[in-house]
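Understanding the architecture of this molecule
What follows is the residue order along each chain.
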Amino acid sequence: MKTYPLYLNGEFVTTEQTKAVINPATGERFARICTIDRARVAQAIADAHTAFAGWRKLTGKTRGEYLHAIANQVEARKDEIARVITMENGKPLAQSLGEVAGTADHLHWFAEEARRAYGRIVPNQVDGKRHLIVKLPMGVVGAISPWNFPLILAVRKMAPALAAGCTVVLKPASQTPICAALLAECVDAAKLPKGVFQLVAGAASEIGAEFLQNPLCRKITFTGSTEVGKTLIAGAAETVKPLSLELGGHAPVLVFDDADLHKAVEGVMMAKFRNIGQSCIAANRIYVQRGIYEKFLAAFVEKTQAQNVGDGLDPGMDIGPLIDEAAVTKALEHIENAVSQGARVLCGGKRKADSKGTFIEPTVLADVPKTALCMNEETFAPIAPVTAFDTEEEGIALANDTIYGLSAYAFTNNLDRAFRLMEALEAGTIGINDGVPSTSQCPFGGAKQSGWGRELGIEGMDAFLETKHVSLGLQI
């Protein structure tokens with residue numbers, strides 16, 4: 001069982017303290033990651049602060065060339081990295097390969113965006129003055145990434161911060177740190193200056209506290225639960241530390257009776273079952289207009305039953321294991337709660353038999369009442385609750401009846417309705433006739449309790465830049 005080092009100030013560092021990483025498909029340990037204490041995290045932040053002085057002075061073009069080089073390394077090792085993602089996360093290998101491809105695309109996008117940290121000149125209102133607006137990098141960034149998309153969501157933080165001229169200390173999720181260790185190898189191969197990117201692992205509470213309380217760490221960017229996000233907000237209040245937060249979601253889907261049924265079923269399948277349903281933008285509540293309700297259910301159940309469930313490394317798998325036993329317990333609780341309130345189980349509904357791993361059969365629940373847990377909490381599992389609605393107004397009200405606002409989906413062939421929906425649905429990303437709307441060049445983030453700020457797009461780099469106004473008094 002290999003032990004992977006951390007990457008600190010340009011060096012690969014091994015420690016006596018390590019943490020095992022478990023393959024959720026087998027329940028077996030397959031690797032270990034080195035860990036460090038809070039004092040060593042503080043040193044990493046200090047080293048990143050030292051490196052910031054030189055990194056910020058490089059041109060955006062030069063910083064972009066480094067990011068291109070990292071992307072090239074990731075692409076050259078795509079098969080190896082994808083296999084590791086599947087082993088520590090569980091998702092099917094084809095989806096892991098897609099995550100690696102998306103990671104490289106993020107790096108290439110922000111490599112080009114590094115050239116475009118535009119300021120502006122503002123017309124003066126007083127003779128003898130000129131006004132310049134400039135954007136400058138914040139400094140050291142503490143990045144905390146989740147386990148469900150362990151590589152691409154780490155790079156969504158790292159790439160724009162580096163492009164902006166910041167330095168980054170990355171803490172990956174404890175369940176899935178190995179792909180981040182491979183990312184560090186790609187960074188090292190690209191010959192990034194020492195201290196510009198560092199990888200730390202250890203107790204989340206200690207690392208998070210150091211990020212919050214260390215004055216040299218100028219910003220924290222985090223993807224994870226709303227509950228942990230609220231803890232970071234409370235901690236950041238003491239020093240007024242800027243945060244970028246991509247938090248929980250509870251995405252609704254509206255399928256209207258004028259939609260192309262085949263495309264709607266395919267789109268909902270992607271939105272629901274990609275990454276085993278363990279996605280903040282996964283379809284969690286599926287509302288189908290009554291005129292096509294039974295037809296949709298029949299087609300959707302047929303597609304769901306055809307999903308292959310098993311170890312993500314095996315060929316042809318569609319559904320892998322959930323991340324751990326706690327996730328299985330929660331998923332089964334959501335199914336039982338819905339059934340107890342009158343929902344019908346049309347397929348699945350139980351743990352996969354004859355397996356050592358944390359597998360749940362892909363499940364479709366019909367006639368799910370709005371009071372069911374799965375209609376109010378993130379399920380993070382391959383469970384699709386479906387219920388009927390009658391009017392557009394009712395559908396919008398049901399979709400918006402949540403504290404979350406990360407993403408929403410709708411399927412309709414009515415262009416007028418599409419415009420009404422994009423304006424009325426309370427979410428940061430809306431997929432209309434599209435089950436996979438996220439892309440490097442467009443902003444991603446949530447409304448309400450789904451977070452603060454945006455990643456990706458031009459907004460993604462702007463999140464790591466301070467805006468400065470310079471007023472020049474001139475004798476002209």
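The present account deals with the structure reproduced in this document. (Residues numbered from 1 in each chain as written. Predicted model: local features only at pLDDT ≥ 70, side-chain atom pairs only at ≥ 80, totals over all residues. Heavy atoms only, no water.)

**Some points on the sheet that holds strand S6 (residues 120-122)**
For clarity, the cut-off: Two strands pair if DSSP finds at least two bridges between them. Secondary structure elements are taken from DSSP: a helix is a run of H or I of four residues or more, a strand is a run of E of two residues or more, and numbering for both begins at the N terminus. Helix axes use the C-alpha atoms of the stretch in contact, all axes being lines fitted to C-alpha atoms, and the angles between their N-to-C directions lie in the range 0 to 180 degrees.
Reading across from one edge, S6-S7-S23 is the order of the three strands in this open sheet, with antiparallel pairing throughout. The open sheet has two edge strands with one neighbour each: S6 and strand S23 (465-473). The average angle at which neighbouring strand axes cross in this sheet is 25 degrees, direction not considered. Relative to S23, strand S7 (residues 129-137) runs antiparallel, the two being bridged by nine bridges.

**Considering unusual backbone geometry**
At asparagine 9, a residue that is not glycine, the phi angle is positive and equals roughly 50 degrees. Tracing the backbone shows asparagine 9 in the loop between strand S2 (6-8) and strand S3 (11-13). With a phi close to 60 degrees, asparagine 433 is a non-glycine residue in the positive phi region. Following the sequence through the fold, asparagine 433 ends up in the loop between strand S20 (429-432) and strand S21 (447-448).

**With respect to the pattern of salt bridges**
Proximity of charged atoms lets side chains of opposite charge pair with each other. Cut-off, in case you're wondering: For this analysis, a salt bridge means a side-chain nitrogen from Lys or Arg found within 4 Å of a carboxyl oxygen belonging to Asp or Glu. Exposure classes here rest on a 1.4 Å probe applied to the protein chains alone. A residue is buried below 20% of its type maximum, exposed above 50%, and partly exposed in between.
This model, assessed by the stated rule, comprises 20 salt bridges. A salt bridge links glutamate 65 to lysine 61, with the shortest nitrogen-to-oxygen separation between them at 2.8 Å. You can see glutamate 65 and its partner lysine 61 sitting in helix H2 (residues 60-76), four residues apart, about one turn around the helix. Residue class for glutamate 65 comes out partly exposed when judged on its relative accessible area of 41%. What makes lysine 61 partly exposed here is its relative accessible area of 42%. Connected through salt bridges with shared partners, the residues Asp258, Glu392, Arg417 and Arg420 form a single ionic network.

**Examining the packing of helix H12 (residues 392-400) against helix H13 (residues 415-424)**
For clarity, the threshold we go by: By the definition adopted for this analysis, an angle is roughly parallel if under 35 degrees, roughly antiparallel if over 145, roughly perpendicular if from 65 to 115, and oblique otherwise. For any pair of crossing helices, the crossing counts as left-handed if the nearer helix is rotated counterclockwise from the farther one by less than a right angle, and right-handed if it is rotated clockwise. Any pair of residues with heavy atoms lying within 4.5 Å of one another is described as a contacting pair. Three categories are distinguished: nonpolar for Ala, Val, Leu, Ile, Met, Phe, Trp, Tyr, Cys and Pro, charged for Asp, Glu, Lys and Arg, and polar for the others, with Gly belonging to the last.
Where H12 meets H13, the closest approach of the two axes is 11 Å, and the angle between their N-to-C directions is 30 degrees. By the angle between their directions, the pair H12 and H13 is classed as roughly parallel. Where H12 crosses over H13, the handedness of that crossing is right-handed. Only Arg417, Arg420, Leu421 and Ala424 of H13 make contact with H12, whose side of the interface consists of Glu392, Ile396 and Asn400. Split by residue class, the contact of H12 with H13 holds three nonpolar, one polar and three charged.

Without other data, these values stay purely geometric and don't point to any function.
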